[in-house]
Amino acid sequence: MEARATLRYARISPRKVQIVLDLIRNQDADKAMAILRFTPKSACEYLEKLLKSAIANAENNHQMDVSKLYVAECYVGPGPILKRIRAKDHGRAHRILKRTSHVTLVLREREI
């Protein structure tokens with residue numbers, strides 16, 4: 001039995017999210033929440049909200065025990081890229097790529 005939550009079109013680069021996901025993978029849900037709360041990375045805001053959603057899904061939709069939950073899988077993929085232009089010298093234009101992410105987080109119960 002597993003509970004999952006997905007975040008799509010998050011306005012943050014997948015590379016930045018991956019760093020934080022590596023910190024919480026295979027951690028207990030409450031420990032992962034503490035890590036997200038006290039890590040000074042911009043991706044933590046998105047991931048804390050996503051983890052709360054996954055815990056709520058596990059509790060309400062699958063009747064899982066919240067105290068036994070752990071982060072079994074978490075991964076990020078690239079979303080669509082917003083292309084913008086910045087004016088440069090001599091009338092030139094440089095492209096700015098504003099990247100987005102699709103994040104998936106899966107919780108399972110530990111067998112004790």
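Above: the structure in question.
One structure accompanies this document, and this report is about it. Because the structure is predicted, anything quoted here is derived from the model rather than measured. Within each chain, residues carry numbers counting from 1 in the order of the written sequence. Thresholds applied to this predicted model are a pLDDT of at least 70 for local features of residues and 80 or more for the giving and counting of side-chain atom pairs; totals over whole chains, interfaces and linings are not thresholded and use all residues. Water and hydrogen atoms play no part in the side-chain values, which are based on all heavy atoms of the structure.

## Regarding the overall build of the protein chain
Broken down by element type, the protein chain carries three helices and five strands. Order of helices (α) and strands (β) in the protein chain, N terminus to C terminus: β-α-α-α-β-β-β-β. Compactness check: the protein chain gives a C-alpha radius of gyration of 17 Å against a globular reference of 13 Å for 112 residues, more than 25% above the reference. C-alpha extents for the protein chain along the principal axes are approximately 65 × 25 × 15 Å. Only protein chains enter the accessibility calculation, which uses a 1.4 Å probe; a residue whose area is less than 20% of its type maximum is buried, one above 50% is exposed, and one in between is partly exposed. Taking all 112 residues of the protein chain together, the buried fraction comes to 37%. Every residue pair with non-hydrogen atoms within 4.5 Å of one another is taken to be in contact. Contacts in the protein chain between residues far apart in sequence, at least 24 positions, make up 71% of those at least 6 positions apart. Positive charge is attributed to Lys and Arg, negative charge to Asp and Glu, and no charge count is given to His or to the chain ends. The location of each charge is read from NZ of Lys, CZ of Arg, CG of Asp or CD of Glu. When the 22 basic and 12 acidic side-chain charges of the protein chain are each reduced to a single mean position, those positions are 16 Å apart. Each helix corresponds to a stretch of at least 4 residues labelled H or I by DSSP, and each strand to a stretch of at least 2 residues labelled E; elements are numbered beginning at the N terminus. For the radius of gyration, the atom set is restricted to C-alpha positions; the globular benchmark scales as 2.2 Å times the number of residues to the power 0.38.

## Some remarks on the packing of helix α1 (residues 14-24) against helix α3 (residues 43-61)
Between α1 and α3, whose axes approach to 9 Å, the crossing angle comes to 60°. For the element pair α1 / α3, the angle class is oblique. The two elements α1 and α3 meet at a crossing, and its hand is right-handed. The residues of α3 that touch α1, namely those facing Lys-16, Val-17, Val-20 and Leu-21, are Ala-43, Cys-44 and Leu-47. To get an axis, a line is fitted to the C-alpha atoms, and for a helix only the part in contact is used. The angle between two axes follows their N-to-C directions and goes from 0 to 180 degrees. Any angle between 65 and 115 degrees counts as roughly perpendicular, while under 35 counts as roughly parallel, over 145 as roughly antiparallel, and the rest as oblique. For any pair of crossing helices, the crossing counts as left-handed if the nearer helix is rotated counterclockwise from the farther one by less than a right angle, and right-handed if it is rotated clockwise.

## Describing the pattern of salt bridges
Any carboxyl oxygen of Asp or Glu that lies within 4 Å of a side-chain nitrogen of Lys or Arg is treated as forming a salt bridge with it. Counted by the stated rule, this structure contains seven salt bridges. Among the ionic pairs, Arg-25 bridges to Asp-22, the shortest N-O distance being 2.8 Å. On the basis of relative accessible area, Arg-25 is assigned to the partly exposed category, the value being 29%. A salt bridge links Glu-48 to Lys-52; the nearest nitrogen and oxygen atoms lie 4.0 Å apart.

## Points about the packing of helix α2 (residues 29-38) against α3
α3 packs onto α2 with a crossing angle of 160° between their chain directions and a minimal axis gap of 9 Å. Judged by the angle between their axes, α2 and α3 are roughly antiparallel. Helix-helix and strand crossings are classified by hand; for α2 and α3 the assignment is left-handed. Mapping the contact onto sequence places Ala-29, Ala-32, Met-33, Leu-36 and Arg-37 in α2 and Cys-44, Leu-47, Glu-48, Leu-51, Lys-52 and Ile-55 in α3.

## Description of the nonpolar core
Nonpolar side chains tend toward joint burial in soluble globular proteins. We call a set of buried residues a nonpolar core when its members are Ala, Val, Leu, Ile, Met, Phe, Trp, Tyr or Cys and they connect through side-chain atoms within 4.5 Å of each other. Grouped together as the largest cluster of nonpolar side chains are 28 residues, with contacts concentrated most on Val-17, Leu-21, Leu-47, Leu-51, Leu-105 and Leu-107. Mapped by element, the contributors of at least two residues to this core are β1 (2-10), α1, α2, α3, β2 (69-78) and β5 (101-109). Counting residues per element, this core draws most heavily on α3, at eight residues. Ignoring sequence-local partners within four residues, the contact set of Leu-47 consists of Val-17, Val-20, Leu-21, Leu-36 and Val-103.

## Examining unusual backbone geometry
In this structure, Tyr-9 takes a positive phi of about 60° despite not being glycine. By the element assignment, Tyr-9 lies in strand β1. Although it is not a glycine, His-90 adopts a positive phi angle of roughly 60°. Look at His-90 and you get exposed, because its relative accessible area is 74%.

## With respect to the environment of Lys-41
Structurally, Lys-41 is set in the loop between α2 and α3. With residues near it in sequence (within four places) discarded, Lys-41 still touches Ile-19 and Val-20.

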